[in-house]
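The primary structure of each chain is shown beneath.
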Amino acid sequence: MRPKVILFDLGDVVCGFRPRRRLAALAAACGVSPEQAESTLYDSGLVERWDHGLATPTEIHHTLREELGYPGDMAALHQVWCSAFEPDPRMLALVDGLRPPYRTALLTNNDLLVMEALPEVLPEVASRFDALLFSGRLMAAKPDSAAYHRALELMDCSPDEAVFIDDKPANVAGARAVGLTAIHFTGAAELRTTLDELLQQ
């Protein structure tokens, strides 16, 4: 069956992912070291919980105030949280070339705070996609099969009507296991060639 939907990972596919930038910005705002910020977020399991939708943006903001003394308002936190992402103009142009006839979506392991902030802070990214399918929204993270099934349900398509692109082999394998055509991302030029061949079949 001919694909109808193209699903893209966000970090290190559509955007470069620079988590150290976020940690540095958060640490500077809180007056702590990046190492302390990293330990608070990751060693405690907070990020994993947030990526599974177990906190709203307001709750994440509150936790950062309680645990790290974050002084900023939500608008400032949006800027901090999205500082980890660096849009790739080549990928944005590639997505533009697919719409229409294909519908596009971001299928990414990220929390609800990123999903809320992206249209505001990086509208040049968010506006190019018909849906933002974040793990925080899906309540499941790749490569869990539930993440793909819920994404397909929201896009109203079957596995054989979707193509999925990710830089992590485990996520590609997880998508293939539920019947999606999945492409391991290694670069914009290579992806363009692969998609041209696939979509012309």
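For clarity, every value in this text was computed on a predicted model and none was experimentally measured.

Brief notes about the sheet that holds strand S6 (residues 162-166)
Then, number 1: Pairing is parallel across the open sheet formed by 5 strands, whose spatial order is S5-S4-S1-S6-S7. The strands lining the two open edges of the sheet, one partner per strand, are strand S5 (131-134) and strand S7 (181-184). Strand-to-strand twist in this sheet, taken as the mean axis angle between neighbours without regard to direction, amounts to 20°.
Then, number 2: Direction of pairing for strand S1 (residues 5-8) relative to strand S4 (residues 103-108): parallel, over a ladder of 4 bridges. Each residue of the ladder has a partner; that of Leu7, found in S4, is Ala105.
Then, number 3: Along the sheet, helix H6 (residues 89-98) makes contact with S1 and S4, crossing S1 at roughly 165°.
Then, number 4: Contacts between helix H12 (residues 188-199) and the sheet are confined to S1, S6 and S7, with S7 contributing the most and set at about 160° to the helix.

Topic: unusual backbone geometry
Then, number 1: Between Arg99 and Pro100 the backbone carries a cis peptide bond, its omega angle lying at -25°.
Then, number 2: Looking at where Pro100 falls in the secondary structure, it is placed in the loop between H6 and S4.
Then, number 3: Here the bond from Lys142 into Pro143 is cis, since omega is 5°, no more than 30 degrees from zero.
Then, number 4: Take Pro143: it is sitting in the loop between helix H9 (135-138) and helix H10 (145-155).
Then, number 5: One non-glycine residue, Met139, lies in the positive phi region at around 60°.
Then, number 6: The phi angle at Asp156 is positive, at roughly 55°, despite the residue not being glycine.

Section: the packing of aromatic side chains
Then, number 1: Scanning the entire structure with this criterion turns up 4 aromatic pairs.
Then, number 2: With 5.4 Å between their ring centres and 35° between their planes, Phe17 and Phe85 make a pair best called tilted. Of this pair, Phe17 sits in strand S2 (residues 15-17) while Phe85 sits in strand S3 (residues 85-87), and the two are 68 residues apart along the sequence.
Then, number 3: Overall, the relative accessible area of 28% leaves Phe17 in the partly exposed class.
Then, number 4: The exposure class of Phe85 is buried, given its relative accessible area of 5%.
Then, number 5: With 6.2 Å between their ring centres and 55° between their planes, Trp50 and Trp81 make a pair best called tilted. Of the two residues, Trp50 sits in helix H3 (residues 46-51) while Trp81 sits in helix H5 (residues 74-82), which places them 31 residues apart along the sequence. A single burial state applies to Trp50 and to Trp81, both of which are buried.
Then, number 6: The positively charged end of Arg22 is found above the aromatic ring belonging to Trp81, 4.5 Å away from the centroid.

Brief notes about the layout of surface pockets
Then, number 1: Roughly 330 Å³ of internal volume is contained in the largest pocket.
Then, number 2: Along its surface, the largest pocket is lined by 18 residues, and Phe17, Asp51, Asn109, Asn110 and Lys168 are the ones closest to its centre.
Then, number 3: By residue class, the composition of the lining of the largest pocket is 5 nonpolar, 5 polar and 8 charged.

Regarding the pattern of salt bridges
Then, number 1: Applying the stated criterion across every chain, the model contains 10 salt bridges.
Then, number 2: Across the pair Asp12 and Arg18 runs a salt bridge whose closest N-O atoms are separated by 3.9 Å.
Then, number 3: A salt bridge links Asp96 to Arg128; the nearest nitrogen and oxygen atoms lie 3.0 Å apart. Of this pair, Asp96 sits in helix H6 while Arg128 sits in the loop between helix H8 (123-126) and S5, placing them 32 residues apart in sequence.
Then, number 4: Asp96 gets classed as partly exposed once you look at its relative accessible area, which sits at 36%.

As for the side chain of Asp51
Then, number 1: Within the secondary structure layout, Asp51 lies in helix H3.
Then, number 2: With no salt bridge to any partner, buried Asp51 finds its closest opposite charge in Arg22, at an N-O distance of 6.8 Å.

What counts as what
Residues numbered from 1 in each chain as written. Predicted model: local features only at pLDDT ≥ 70, side-chain atom pairs only at ≥ 80, totals over all residues. Heavy atoms only, no water. Pairing = 2+ DSSP bridges. Helix = DSSP H or I, 4+ residues; strand = E, 2+ residues; numbered from the N terminus. Axes fitted to C-alpha atoms, helices over the stretch in contact; angles between N-to-C directions. Contact = heavy atoms within 4.5 Å. Phe/Tyr/Trp six-rings, centres within 6.5 Å; stacked < 30°, edge-to-face > 60°. Buried < 20%, exposed > 50% of the residue type's maximum accessible area, 1.4 Å probe, protein only. Lys NZ or Arg CZ within 6 Å of the ring centre and 35° of its normal. 1 Å grid on protein atoms, 1.4 Å probe; cavity = no way out; pocket = protein on both sides within 12 Å on 5 of 7 lines; lining within 4 Å. Points joined across faces, edges and corners; volume = space filled by probe spheres on them. Nonpolar A, V, L, I, M, F, W, Y, C, P; charged D, E, K, R; others polar. Salt bridge = Lys/Arg side-chain N within 4 Å of Asp/Glu carboxyl O. Lys, Arg positive; Asp, Glu negative; His and termini not counted.

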